[in-house]
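If you want the building blocks of each chain, they are given just below.
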Amino acid sequence: MVSNDLKERVRKASDIVELVGAEINLRRTGRHYNGLCPWHDDTKPSLQINPERQTYRCWVCDVGGDVFSWVMRKEGVEFKEALFMLADRAGIPIQDDYDPALTQKKKSREGILEALDETQRVYKQQLQRNPDALRYLRERGLTDESIARFGLGYAPDQWQFLQTTTVQRFGNEILEQAGILGKSPSSGRVYDRFRGRIIIPIINEKGRTIAFAGRIFPEIGDHFAKYINSPETLVYRKSDVFFGYDEKTDEAIKREKEIFIVEGYVDIMLAKQHGFDNILSPCGTALPVESTKKLKLKYPGYPIVLVFDGDKGGRQGAFNVSKNLIARANSRICFLPEGKDPADLIRETGDLTALSQSLAQEKRKSLFDYYVACQLGKYDLKDKTRLDLTVPEDCQTFLERVSPDLAQMPEHALGIYLSRLERKLRMPKDVIESVILGTGYLYQRMRNLKRRNHFETMFIVRLLQMPVELKVLKNCLDPEMLKMPEARAVYEYLLKNYTPERYELLGDALGDKYRREMLDDLQKERPSLRRKTLLTMLGTVRGPRIRNRQELFQPLAEVIACETANLVRRAGRHKTATQLLKLYKRFRDNLE
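Observations concerning the overall build of the chain
Per the secondary structure count, the chain includes 27 helices and 17 strands. Every one of the 592 residues in the chain was classed for burial, and the buried ones make up 49%. Restricting to contacts in the chain with at least 6 residues of sequence separation, those with at least 24 account for 63%. Of the accessible surface of the chain, which amounts to about 29,900 Å², a share of 48% is contributed by carbon and sulfur atoms.

Set out below in structure tokens:
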């Protein structure tokens, strides 16, 4: 058991402003600090940090707590592990008998980091002993200063080279956990994963080596992958780190107020060698949405410029990325001359002239505009026939193509892009909205709920389960009373689109498949809430704002009476009607 004394020591040693500020850009407002909340798509800073109380709270998500709950929520760990992480951060030693399992995990993480640091040291030594590999890097334009700055190395082309060096002292188990050694599934024999490659270490914000990328050297045919990367480990997740991020990068981003993202490691090294420091690369073949969200939190409002090759492959890759990132209104996309990458342009002129010209403001496109152009078939991408927006049938096809992506957008972004489509298609906004927010929209909204308020979630589900008279319900529940943006969006959609005669059409908009899956999901989440009455849920939603029982019960009694009459007229629904009549009697009694 963890002692209260230890918890208090760790709490006092952990400043919540410093802890949160390491991940999110905070701005002081009076006695508090404000920043973008990481748990919803925040556009106006709704996360508030109270340095006096050492607490945080998001007024939209309605979540908050202290330093321990912050780490637990952000890292997805239990209290004890959060305590150990904060203690380690504060330099407070913890005895092994507090929690042997967590202590062992901490030792494993530290063992992996030490093994990676030692392996990088060995690889750097080997590079200096291999003149061919050094010559190759210099021919690519890298100076000795850059080679040292990025800690480049070389792994000899030997199956078990590391087992003959000082790295072997860590043991095969740690080296496998670090992703340095691989194991044959047939023979169980371990081998050096990066043999015969130039080594590019991946460094985290603390300056520790957490992974490697390896470039084949020398060229020995197409049957070997040109690049291989470390697998994800206890200390390395691709979506958590960008290649090339360091203090100079942070200073350059804040100075230039924009961020460039390219695909290649050598591109990054050459650009930074010439003073172009506000540039990063994802650690993988694609740009994860999580990575851009981290940049948005750390540098709110700064535009992100995605740089791609101008050939067909580059345009297809750009389209794949744009589908995931179109909600970022300040994201731009830029294409280089076909067959050229940033390193090629730098080598051509020996400086940043050619690259800067290719990245000029007039060469950049809105990510959404490029996404729309791809969906119209302008760039000859696979499965994208060309569409003519002057033809009504093509307009319908276009809207069907974009609906799956746009329907999952946050409301603020969707509103912006609906207005753009209105001008582009010369169609009424309501018509476009009805197509995009058709099949599956409500289901997607409900699946995206964070379950922050289960009563609000189930309240919306009840509205979908029974065709209530929403015009009456509107009199006793204003949408603004719902705290959850997603639940409020669904409720507003129901109020806007529902009429008693068209309830079945509303059901069609959701779709039987989506309705069934949504209800199954929510019932698994909290099955007991399914037995709660709409009255109880509504009372919980409204809370202290209910001034008298008549104000709440009268409209609901009318709703249930109306619904009972409808059900009696439908064959096979008498049991449900009887249940509703009992509820109506209970409500009527409450009115007296």
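So, the nonpolar core
Membership of the largest hydrophobic core comes to 64 residues, with the highest contact counts inside it found for Leu152, Ile180, Ile202 and Phe243. Once you skip the residues sitting within four places of it in the chain, Ile202 turns out to touch Arg208, Thr209, Ile210, Ala211, Phe212, Tyr236, Val241, Phe243, Tyr265 and Cys283. Counting 45 residues, the second-largest nonpolar core is a separate cluster that includes Phe242, Phe368, Phe398 and Leu406.

Notes on helix α9 (residues 247-256)
Restricting attention to buried positions, one finds in α9 the residues Thr249, Asp250, Ala252 and Ile253. Along the axis of α9, the buried positions cluster into a sector of 165°, meaning they face one direction only. Facing away from the buried surface of α9 by more than 90 degrees, the exposed residues are Glu247 and Arg255. Its side-chain oxygen 3.2 Å from the backbone nitrogen of Lys248, Asp246 forms the N-cap of α9. Positive phi shows up at Lys257, right after α9, with a value of about 60°.

Regarding the sheet that holds strand β17 (residues 365-366)
The strand order β12-β14-β13-β15-β16-β17 describes an open sheet built from 6 strands, whose pairing is mixed. Since the sheet does not close on itself, it has two edges, and those belong to β12 (242-243) and β17, each with one partner. Two strands pair when backbone bridges link them, and strand β15 (residues 304-308) and strand β16 (residues 331-335) are joined in this way by 5 bridges, in the parallel orientation. Following the sheet pairing, Phe308 is matched in β16 by Phe335. Contacting β12 and β14 (279-282), helix α10 (residues 265-273) crosses the sheet at an angle of about 165° to β14. The strands that helix α12 (residues 312-325) touches are β15 and β16; relative to β15, the one it contacts most, it runs at about 155°.

Topic: the environment of Leu306
Looking at where Leu306 falls in the secondary structure, it is placed in strand β15. Given the relative accessible area of 2%, Leu306 is considered buried. A sequence separation of 47 residues divides Leu306 from Ile259, and the C-alpha atoms of the two residues are 8.6 Å apart. Sequence-distant contacts of Leu306, defined by excluding residues within four places in its chain, comprise Ile261, Leu287, Val321, Leu325, Arg332, Ile333, Cys334 and Leu367.

Digging into a positive patch on the surface
A grouping of Lys365, Lys378, Arg386 and Lys424 is seen on the molecular surface, where their side chains present a positively charged patch. Its place among the elements puts Lys378 in the loop between α15 (367-375) and α16 (392-406). On the accessibility criterion, Lys378 (44% relative accessible area) is partly exposed.

A short note on the packing of helix α3 (residues 67-75) against helix α4 (residues 79-90)
Where α3 meets α4, the closest approach of the two axes is 9 Å, and the angle between their N-to-C directions is 110°. It follows from the interaxial angle that α3 and α4 lie roughly perpendicular. For the pair formed by α3 and α4, the contact residues are Val67, Phe68, Val71, Met72 and Glu75 on the first element and Phe79, Ala82, Leu83, Met85 and Leu86 on the second. Split by residue class, the contact of α3 with α4 holds 9 nonpolar, no polar and 1 charged.

Digging into the side chain of Ser366
Residue position: Ser366 is located in strand β17. Separated by 3.2 Å, the side chain of Ser366 and the backbone nitrogen of Phe368 make a polar contact. A polar side-chain atom of Ser366 sits 3.5 Å from a polar atom in the side chain of Arg420.

A few points about the packing of aromatic side chains
Enumeration according to the criterion identifies 18 aromatic pairs in this entry. What links up through ring pairs into an aromatic cluster is the set Phe150, Tyr227, Phe243 and Tyr265. Its end group placed over the ring of Trp159, Arg195 keeps NZ or CZ at 3.7 Å from the ring centre. Cation over ring: Arg315 sits above Phe335, and NZ or CZ is 4.1 Å from the ring centre.

Let's talk about the pairing of strand β2 (residues 32-35)
By the alternation rule, side chains of β2 split into His32 and Asn34 and Tyr33 and Gly35, which are all buried. Remark: 2 residues form the turn of the hairpin made by strand β1 (residues 27-29) and β2, two consecutive strands paired antiparallel; Gly30 in that turn has positive phi of roughly 65°. Pairing analysis gives 3 bridges linking β2 to strand β3 (residues 47-50), with the strands arranged antiparallel. Along β3, the bridge assignment pairs Asn34 with Gln48.

Looking at unusual backbone geometry
Phe217 connects to Pro218 through a cis peptide bond whose omega is -5°. Structurally, the position occupied by Pro218 is in the loop between β10 (209-216) and β11 (227-229). Unlike most non-glycine residues, Gln54 shows phi in positive territory, near 60°. Tracing the sequence through the fold places Gln54 in the loop between β3 and β4 (55-58).

As for the pattern of salt bridges
This model, assessed by the stated rule, comprises 20 salt bridges. The residue Asp117 makes a salt bridge to Arg208 at a minimum N-O spacing of 2.9 Å. With Asp117 in helix α5 (residues 100-128) and Arg208 in the loop between β9 (197-203) and β10, this pair connects stretches of sequence that are 91 residues apart. Since its relative accessible area comes to 26%, Asp117 is described here as partly exposed. For Arg149, the salt bridge goes to Asp246, with nearest N and O atoms at 3.3 Å. One end of the pair, Arg149, is in helix α7 (residues 144-149); the other, Asp246, is in the loop between β12 and α9, and 97 residues separate them in sequence. Taking the relative accessible area as the measure of exposure, Arg149 reaches 33% and is therefore partly exposed. Beyond isolated ion pairs, a larger network of salt bridges with shared partners links Arg149, Asp246, Lys272 and Asp277.

Rules behind the numbers
- Residues numbered from 1 in each chain as written.
- Predicted model: local features only at pLDDT ≥ 70, side-chain atom pairs only at ≥ 80, totals over all residues.
- Heavy atoms only, no water.
- Helix = DSSP H or I, 4+ residues; strand = E, 2+ residues; numbered from the N terminus.
- Buried < 20%, exposed > 50% of the residue type's maximum accessible area, 1.4 Å probe, protein only.
- Contact = heavy atoms within 4.5 Å.
- Areas by Shrake-Rupley, 256 points an atom, 1.4 Å probe, with all protein chains shown as cover.
- Core = buried A, V, L, I, M, F, W, Y, C linked by side-chain atoms within 4.5 Å.
- Arc of directions from axis to C-beta.
- Polar contact = N/O pair within 3.5 Å; in protein donor to acceptor, adjacent residues only side chain to side chain.
- Pairing = 2+ DSSP bridges.
- Axes fitted to C-alpha atoms, helices over the stretch in contact; angles between N-to-C directions.
- Patch = residues over 30% accessible without salt bridge, like charges linked within 9 Å, V, L, I, M, F, W, Y side chains within 5 Å.
- Salt bridge = Lys/Arg side-chain N within 4 Å of Asp/Glu carboxyl O.
- Lys, Arg positive; Asp, Glu negative; His and termini not counted.
- Charge placed at Lys NZ, Arg CZ, Asp CG, Glu CD.
- Parallel < 35°, antiparallel > 145°, perpendicular 65-115°, else oblique.
- Nonpolar A, V, L, I, M, F, W, Y, C, P; charged D, E, K, R; others polar.
- Phe/Tyr/Trp six-rings, centres within 6.5 Å; stacked < 30°, edge-to-face > 60°.
- Lys NZ or Arg CZ within 6 Å of the ring centre and 35° of its normal.

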